[in-house]
Amino acid sequence: MTILVTGGAGFIGSNFVLDWLAASHETVVNLDKLTYAGNLHNLAAVAGDPRHVFVHGDFGDTALVNSLLATHQPRAVLNFAAESHVDRSIHGPGDFIHTNIVGTFNLLECVRAYWVALAAPEQAGFRFLHVSTDEVYGSLGKSDPAFTETHKYEPNSPYSASKAASDHLVRAYHHTYGLPVLTTNCSNNYGPYHFPEKLIPLMIVNAQAGKPLPVYGDGQQIRDWLYVKDHCSAIRRVLEAGAVGEVYNVGGWNEKPNLDIVHTVCALLDELKPRPDGKPYREQITYVTDRPGHDRRYAIDARKIEQQLGWRPAETFDSGIRKTVQWYLDNPDWVANVQSGGYREWLAKQYGEPKNPI
Ligand code: NAD
Ligand code: TYD
């Protein structure tokens, strides 16, 4: 048996592939375009494993996807591939429309043609699992109830709007063509291999480099954090037992204001790798101009996946964030490797020219 994964060299996709190969005998065909966010170093541990078939290519390339489906005959396709960074979507929404909407559409078309031609038993067992985000639901007020699967879609950024469009396409392919789809909408992930443009890895990397820790606006925006390996276990569980056509929200009941997250990262670094001058890392916090259209609060109501599929996260926030900070301290080569010229250009564009180290 084989599964086909798109975007399996990115943050969540590579964690998924590593965990899948550790827990299953099934082959993974991993189709990834290797954008700035894709990194084969994430998959070094499975480089010699014949069950991992890496294919460098675009999931919107219908000829390539058709040939992969015909050759490998997967029993499931899991769609992780996306442009995923809100700030980049504000600077340049075009790539997000192209990849997240048009790319997903092209993939769906290929998968539909493959699926209709399968023999009845394979057709019945086939699944298309679409990995999405809680950001499609928009922003919550302070005392609003958390997002359930029936919360109305109100995406506010080009990123979340493009993910919402892809979710709608996936839904339509089920309702119109009967394609056996599953959709997961997960909250913010953190953990190993997280590209240091996102909040938590950026803070860990900047802190050690003696750079400012940029907090947008008042830092009181709330996100609901889940350790990446818990997201991966939820996806495995939904693939295994999810009801066709259903949506599952994934989260760990871990709402935290951004400033609390930054303080926690600083405190862990103070403990695990104190600054040479003995001062606390939180002195590096700098308040910067807020993100335009910044969503104030996300929160996931995870009762459906918990009650219907029996899924629970393995990590608490305290255990997950400690592991994460330790992973970045243990892997300076990975960090150095992703800090390419392109990465430095992004920092200059988003935060202005790099300041002198403190
Ligand atoms: P990422 O940006 O780290 O990785 C995306 C991967 O997709 C990269 O390896 C990239 O090379 C690949 N890719 C991009 N365009 C491609 C294309 N045209 N063809 C093939 N591959 C392509 O993203 P991530 O954080 O790992 O997110 C994975 C998925 O999970 C995304 O769909 C995202 O919307 C969703 N998600 C992310 C989070 C989060 O907190 N990071 C939370 C919920 C849902
Ligand atoms: P991010 O990791 O970009 O995820 P998302 O926007 O998808 O939730 O950002 C998480 C939160 O942290 C978000 O509220 C924006 C904020 N943030 C900062 O305050 N400073 C930063 O430098 C970054 C990258 C994010």
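As shown above, the structure is provided for reference.
The structure displayed is predicted, hence computed values, not measured ones.

**Q** Kindly report on the sheet that holds strand 7 (residues 188-190), identifying the contributing residues and their values.
**A** Strand pairing within a sheet occurs via backbone hydrogen bonds; the two strands may be parallel or antiparallel. The mixed open sheet is built from three strands, whose spatial order is 7-9-11. The sheet is open, and its two edges are formed by strand 7 and strand 11 (255-257), each paired on a single side. Across this sheet, the average inter-strand angle for adjacent strands is 50°, counted without regard to direction. As paired strands, strand 9 (residues 222-227) and strand 11 are joined by three bridges and run antiparallel to one another. Within the sheet, the bridge partner assigned to Ile 222 lies in strand 11 and is Pro 257.

**Q** Talk me through the site of ligand 1; I want residue IDs and the actual numbers.
**A** In the vicinity of ligand 1 there are 28 residues, among which Ile 12, Asp 32, Ser 84, Tyr 159 and Lys 163 approach most closely. In this structure, Phe 11 approaches ligand 1 through a main-chain N or O atom, which is 3.0 Å from an oxygen atom. For ligand 1, an oxygen atom lies 2.9 Å from a polar atom in the backbone of Asn 189. Isolated, ligand 1 exposes 830 Å² of accessible area, and the fraction of that covered by the protein chains is 97%. Among the elements that line the shell around ligand 1, the one with the most residues is strand 5 (residues 127-133), at three residues. Looking at side-chain class alone, the shell around ligand 1 contains twelve nonpolar, twelve polar and four charged residues.

**Q** An account of the packing of helix 7 (residues 199-208) against helix 9 (residues 258-272) is requested, with residue identities and associated values reported.
**A** Between helix 7 and helix 9, the shortest axis-to-axis distance is 10 Å and the interhelical angle comes to 40°. Between helix 7 and helix 9, the angle falls in the class oblique. Taken as a pair, helix 7 and helix 9 cross one another with a handedness that is right-handed. Along its contact with helix 7, which presents Leu 199, Ile 200, Met 203, Ile 204, Ala 207 and Gln 208, the element helix 9 presents Asn 258, Ile 261, Val 262, Val 265 and Leu 269. Its residues placed into classes, the contact of helix 7 with helix 9 shows nine nonpolar, two polar and no charged.

Conventions adopted
Residues numbered from 1 in each chain as written. Chains lettered and ligands numbered in written order. Predicted model: local features only at pLDDT ≥ 70, side-chain atom pairs only at ≥ 80, totals over all residues. Heavy atoms only, no water. Pairing = 2+ DSSP bridges. Helix = DSSP H or I, 4+ residues; strand = E, 2+ residues; numbered from the N terminus. Axes fitted to C-alpha atoms, helices over the stretch in contact; angles between N-to-C directions. Near = heavy atom within 4 Å. Polar contact = N/O pair within 3.5 Å; in protein donor to acceptor, adjacent residues only side chain to side chain. Areas by Shrake-Rupley, 256 points an atom, 1.4 Å probe, with all protein chains shown as cover. Nonpolar A, V, L, I, M, F, W, Y, C, P; charged D, E, K, R; others polar. Parallel < 35°, antiparallel > 145°, perpendicular 65-115°, else oblique. Left-handed = near helix turned anticlockwise from the far one by under 90°. Contact = heavy atoms within 4.5 Å.

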